[in-house]
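# Understanding the architecture of this molecule
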Amino acid sequence: MAVSPDSFPPRKRRPSANCFVAPNLSDLNLLRSLLLLSSEISTLQPLLFLLKRNTSSIIRKSKLLLVLFEEILGRDFTYSNDSNTSRGGHATGFPPSAVLCFDELYIVLQRMKTLLEDCRNCSKMWLLMQIDVFCNGFHELTLELSTLLDILPSKKLKLNDDVQELLILITKQCSEKLAYVDPKDRDLRSQVVEMLDRIEREIVPDQCKLAEIFEKLTLRDSTSCRDEIELLEEEIQSQTDEKAKSDIIALIGFVRYAKCVLYGGSTPRTNSRRRRAVAAAVDVNVPADFRCPISLDLMRDPVVVSTGQTYDRSSITLWFESGHTTCPKTGQTLTHTDLIPNSALKNLIAMWCREQKIPFESTEMNVKSNGVVTNKTALEATRMTVSFLVNKLKASQVVESANRLVHELRVLAKTDSDSRVCIAEAAALPLMVKLLGSEHPSLQVNAVTTILNLSILEANKTRIMETDGVLNGVIEVLRSGATWEAKGNAAATIFSLSGVPAYKKRLARKTRVVKGLMDLAREGPTNSKRDALVAILNLAGDRETVGKLIEGGVVEMVAEIMDGLPEEAVTILEVVVKKGGLVAVAAAYPLIKKLAIVLRDGTDRARESAAATLVNMCRKGGSEMVAELAGVQGIERVIWEIMGMGTGRGRRKAATLLRVLRRWAAGLDAEVASGAYSDVNMNTSTRIVLPG
């Protein structure tokens, strides 16, 4: 069979520590805590779809215990036994054996509450597959409760006859020898397992049976199915076994297929956690070291490559999938493509996010099934889902309906490589062409974002570049998209496609691409600006394309945005000046004073790029450039600061820059003009007096 109940090991629970430890309270306060805890459990509602009898039984027992604790608290105990002392050493009315029972009852009740809440918050599909495990959990707790009530010294507690009879009743209710599993629940699980098996054998599920299963699980609309998928994705993070993860992904594919077939596509949530997290991160000044050098966004899962540089996992993975074998920042060829998690930095980012009240979700949570070996059931479920969506989209004549279908393809294209292959092979790209020109803003965004997600896969880059109308449609969205989000995602698509060297040159030759990116970088909101700047930076990495960027006004654009986004602006200027020759240097002449300000006030990374840019400008621009820089008040003090506290590369560039200034001041103009300087640290033979 494709998936068996035994394929799903018990979930790793994550209750708070005090759920399983008795509190260090006085006896009276401990009893009050028991009263409060049993009251909280009593107010919970039993599940209505699975484990109905088990959850009802636990809640009913808690209500009976509530009566017991109320009775005990209402009585006046005055024992004279010297051994009856509380944890604080004061006299108490409770016998020691009763206090020990209260401690253990507190732990059992906490575990009951945790189990009930876990059942309510758990994926319903997971709950169904783990029905035996959950039932055993409830049974073990009732047995422990029975044992504790048996040894509770009811006579010493002076309980009245009614309450003593109540204790006997509870004990009898806890006396079942075997865990109870509802036959209906087992039958429903068998139906799901059988359907997964049929999907694996490429048999399309019967829609009536599918609807019946999802009705019983109360998954009755697109929203509830989407919630279920998110819960299953979270469940993957609780597993360590790759086979178990793969089987859970089969359930995700199954639910996604059913959602599309039974309830149609769905539109994005306006209040999603990810959207709120991104919005919150934009509103604050993210420390430079917390940003990925590729995407310039806050890193969620920082990893280190072989050169020692740190990137966000999703960004560097996309870089590798685009065919690159070099370090994006240093340009060095990587000895290997292994990614080492930077746990220390990740903890610092998480701590900073908590302080800024920004929800922190690692990339691992958003990557979902990436990195997990997808089983055949999941793959066939994906193919069936894609086929259904594409066929529906071909026949769709209503904009709203088409928008929901494209949104589903957009989400699916984000999940994993198998989904991207299935969507491309189903000929979805030609359908996107007419939608890129839609006057419906949301439809346009969904279409261009689907193409962006598909472009992550190397093989799909060729399909996008070669399919009639797709590239031109993306460029048109970049230039005149209905929303900034659409323009930004079009720019991100250009960045993704430019990962292939041949496509990079082809894109850079298109004036519409360069102009569109420049305009977006100048006029767009911060997020869209960054999308454009990342694409421009990638295009500038090729010497042949820099000329087009200079003609398109890249230096002037950098001057306009430098005050608002200095780090991004200076990074682009560094690459352009380095590979653009004297034309770029001359165009950047008016920026010398702005670069000096970045040297003084910028982040370590920005100061490093500014120093490197000024070194290249002084080398290629000659005495006039050096004289302009030397005329900036306090420039030598700033350079000395970088030499003392900057990054390794920043210190080297600052040392070279100071050497250029000193030789110019000594009248060695010929050496300045010839660029006879290397990136070296100041050696002991160079006598320089530190500024006072």
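Residues numbered from 1 in each chain as written. Predicted model: local features only at pLDDT ≥ 70, side-chain atom pairs only at ≥ 80, totals over all residues. Heavy atoms only, no water.

Heads up, the condition is: UniProt positions are given in the numbering used here, feature names are shortened, and annotations may be inferred rather than shown by experiment.
The name given to the protein chain in an unreviewed UniProt entry is RING-type E3 ubiquitin transferase, and the organism recorded there is Solanum pinnatisectum. Recorded in UniProt under Catalytic activity (unreviewed entry), the annotation for the protein chain is "S-ubiquitinyl-[E2 ubiquitin-conjugating enzyme]-L-cysteine + [acceptor protein]-L-lysine = [E2 ubiquitin-conjugating enzyme]-L-cysteine + N(6)-ubiquitinyl-[acceptor protein]-L-lysine." UniProt lists a comment for the protein chain under the heading Pathway (unreviewed entry), and it reads "Protein modification; protein ubiquitination."

## Observations concerning the overall build of the protein chain
In plain terms, the rule: Numbering of helices and strands runs from the N terminus, with a helix taken as a DSSP run of H or I at least four residues long and a strand as a DSSP run of E at least two residues long. For the exposure calls, accessible area comes from a 1.4 Å probe over protein chains only, and a residue counts as buried if that area is under 20% of its type's maximum, exposed if over 50%, partly exposed in between. In this description, contact between two residues means that some pair of their heavy atoms is separated by no more than 4.5 Å. Method for areas: the Shrake-Rupley scheme with a 1.4 Å probe, in which residue coverage is limited to the protein chains shown.
Across its full length, the protein chain holds 34 helices and three strands. Here the protein chain holds 692 residues, and the buried ones make up 51% of them. Pairs at least 24 apart in sequence give 73% of the contacts found in the protein chain among residues at least 6 apart. Total accessible area on the protein chain is roughly 30,800 Å²; 51% of this is exposed by carbon and sulfur atoms.

## Observations concerning the sheet that holds strand β1 (residues 302-304)
Hydrogen bonds between backbone groups are what pair the strands of a sheet, and the pairing can be parallel or antiparallel. Worth spelling out the cut-off: If DSSP finds at least two bridges between two strands, the strands pair. Axes here mean lines fitted to C-alpha atoms, for a helix over just the part in contact, with angles spanning 0 to 180 degrees between N-to-C directions.
The antiparallel open sheet is built from three strands, whose spatial order is β2-β1-β3. Because the sheet does not close on itself, it has two edges, and the strands there are β2 (310-312) and β3 (340-341). With two bridges connecting them, β1 and β3 associate as antiparallel partners. When the sheet's bridge partners are listed, V304 is paired in β3 with I340. Sheet strands touched by helix α12 (residues 313-321): β1, β2 and β3. Its angle to β2, the strand with the most contacts, is close to 95°.

## Side note on the side chain of N538
What counts is decided by this rule: Each polar contact in these results corresponds to two N or O atoms within 3.5 Å; when the atoms are within protein, one needs to be able to donate a hydrogen and the other to accept it, and residues that are neighboring in sequence are counted only if both atoms are side-chain atoms.
Tracing the backbone through its elements, the reader meets N538 in helix α25 (residues 526-540). With a relative accessible area of 6%, N538 lands in the buried category. Reaching out from N538, the side chain makes a polar contact with the side chain of S498 at a distance of 2.6 Å. Residue contacts for N538: discarding those within four places in its chain leaves W319, H324, F495, S498, G499 and K504.

## Thoughts on the layout of surface pockets
Our working rule: The method works on a 1 Å grid over the protein atoms by themselves. A cavity is a set of points holding a 1.4 Å probe that cannot get out, a pocket is an open set with protein on both sides within 12 Å along at least five of seven lines, and residues with an atom within 4 Å of a point line them. Grid points are joined across faces, edges and corners, and a volume is the space filled by probe spheres set on the points. Side-chain classes follow a simple rule in which Ala, Val, Leu, Ile, Met, Phe, Trp, Tyr, Cys and Pro form the nonpolar group, Asp, Glu, Lys and Arg form the charged group, and the remainder, Gly included, forms the polar group.
When its volume is computed, the second largest pocket comes out at roughly 1,200 Å³. Along the wall of the second largest pocket there are 39 residues; nearest its centre are C327, P328, K329, T330 and G331. For the lining of the second largest pocket, the elements supplying multiple residues, two or more each, are α25, α28 (566-587), α30 (604-621) and α33 (648-665). Element by element, the count of residues in the lining of the second largest pocket is highest for α28, at eight residues. By residue class, the composition of the lining of the second largest pocket is 14 nonpolar, twelve polar and 13 charged.

## Observations regarding the packing of helix α18 (residues 429-436) against helix α21 (residues 470-480)
Condition: Orientation labels follow simple angle bins: below 35 degrees gives roughly parallel, above 145 gives roughly antiparallel, 65 to 115 gives roughly perpendicular, and whatever is left gives oblique. When the near helix sits turned anticlockwise from the far one by under a right angle, the crossing is termed left-handed; a clockwise turn instead gives a right-handed crossing.
It is the contact of α18 with α21, at a shortest axis distance of 9 Å, that shows an interaxial angle of 30°. In terms of orientation, α18 lies roughly parallel with respect to α21. Considering only the axes of α18 and α21, their crossing is left-handed. Residues L429, V433 and L436 of α18 pack against V470, G473, V474 and V477 of α21. Classifying every residue of the contact of α18 with α21 by side-chain character gives six nonpolar, one polar and no charged.

## A few points about unusual backbone geometry
Located in the positive-phi region is L51, a residue other than glycine, with phi close to 55°. As for its placement among the helices and strands, L51 is situated in the loop between α1 (27-43) and α2 (52-73).

## Thoughts on helix α24 (residues 511-523)
Heads up, the rule is: Here the expected length of a helix is defined as 1.5 Å per residue gap, with one fewer gap than residues.
With 13 residues, α24 should cover 18 Å at 1.5 Å per step; its first-to-last C-alpha distance of 18 Å lies within 8% of that length. For α24, the full list of buried residues reads V513, V514, G516, L517, M518, L520 and A521. Tucked into the core, α24 has its buried residues touching α21, α22 (484-497), α23 (501-508), α25, α26 (543-551) and α27 (554-561).

## Looking at the packing of aromatic side chains
To keep it simple, the criterion reads: Aromatic contacts are taken between Phe, Tyr and Trp rings whose centres are within 6.5 Å, Trp giving its six-membered ring; a plane angle under 30 degrees counts as stacked, one over 60 as edge-to-face, and the others as tilted. Placement of a charge over a ring requires the Lys NZ or Arg CZ to be within 6 Å of the ring centre, with the centre-to-atom vector within 35 degrees of the ring normal.
Taken as a whole and assessed by the stated rule, the structure comprises two aromatic pairs. Positioned over the ring face of F49 is K124, at 4.9 Å from the centre of the ring. For K487, the ring lying beneath its charged end belongs to W484, and the centroid distance is 4.6 Å.

## Focus on the environment of I252
Along the polypeptide, I252 turns up in helix α10 (residues 242-263). Residue classification places I252 among the buried residues on the basis of a relative accessible area of 5%. Between the C-alpha atoms of I252 and T382, which are 130 residues apart in sequence, the distance is 9.6 Å.

## Topic: α28
Which entries qualify depends on this criterion: Fitting axes to the seven residues ending at a residue and to the seven starting there, one defines the bend at that residue as the angle between these axes.
When the terminal C-alpha atoms of α28 are compared, their 18 Å separation across 22 residues is substantially less than the 32 Å that a helix rising 1.5 Å per residue should span. Along its length, α28 reaches its greatest deviation from straightness, about 135°, at G581. Within the sequence span of α28, burial applies to E567, E568, A569, V570, I572, L573, E574, V576, V577, G580, A584 and V585.

## Notes on the pattern of salt bridges
Just so we agree on the cut-off: For salt bridges, the criterion is a side-chain nitrogen of Lys or Arg within 4 Å of an Asp or Glu carboxyl oxygen.
Considering all chains together, one arrives at 28 salt bridges under this definition. Between R111 and E144 there is a salt bridge; the shortest N-O distance is 2.9 Å. Placement of the pair is R111 in helix α3 (residues 96-121) and E144 in helix α5 (residues 131-151), with a sequence separation of 33 residues. Ionic pairing is found between E641 and R607, a salt bridge with its closest N-O pair at 3.8 Å. One end of the pair, E641, is in helix α32 (residues 635-645); the other, R607, is in helix α30, with 34 residues separating them in the sequence. By relative accessible area, which is 11% here, R607 ends up buried. Overlapping salt bridges bring together E202, K376, E380 and R383 as one network.

## Re the confidence of the model for the protein chain
Just so we agree on the cut-off: Looking at any residue, its pLDDT shows the predictor's confidence there, from 0 to 100.
Here the protein chain averages 81 in pLDDT, and 84% of its residues register 70 or above. Throughout residues 78-86 the model reports pLDDT below 50, and contacts reaching past four residues in sequence, or to other chains, amount to 18 contacts. Low pLDDT, under 50, characterises residues 362-373; the stretch is placed with 29 contacts to residues that sit more than four places away or in other chains.

## Some words on the environment of F320
As for its position among the elements, F320 is in helix α12. On a C-alpha basis, the gap between F320 and T337 in space is 7.8 Å, while along the polypeptide they are 17 residues apart. Once residues lying within four places of it in the same chain are set aside, the contact partners of F320 are V305, L334, T337 and L339.

## What about the nonpolar core?
For the record, the criterion: Definition of nonpolar core: a set of buried residues of the types Ala, Val, Leu, Ile, Met, Phe, Trp, Tyr and Cys, connected through side-chain atoms within 4.5 Å.
In this structure, L393, L517, V554, M557, L573, V576 and L599 are the most contacted members of the largest nonpolar core, which totals 125 residues. Ranked by residues supplied to this core, first place goes to α28 with eight residues. Among the nonpolar cores identified, the runner-up in size contains 80 residues, and M125, C225, I236 and A258 belong to it.

## Overview of the packing of α10 against helix α15 (residues 376-395)
In contact at an axis separation of 8 Å, α10 and α15 are set at 20° when each is read in the N-to-C sense. It follows that α10 is roughly parallel to α15 by the angle criterion. Relative to α15, α10 is oriented so that their crossing is left-handed. Between α10 and α15, the residues in contact are I249, A250, G253, F254, R256, Y257, C260 and V261 and T377, A378, A381, M384, T385, F388 and L389, respectively.

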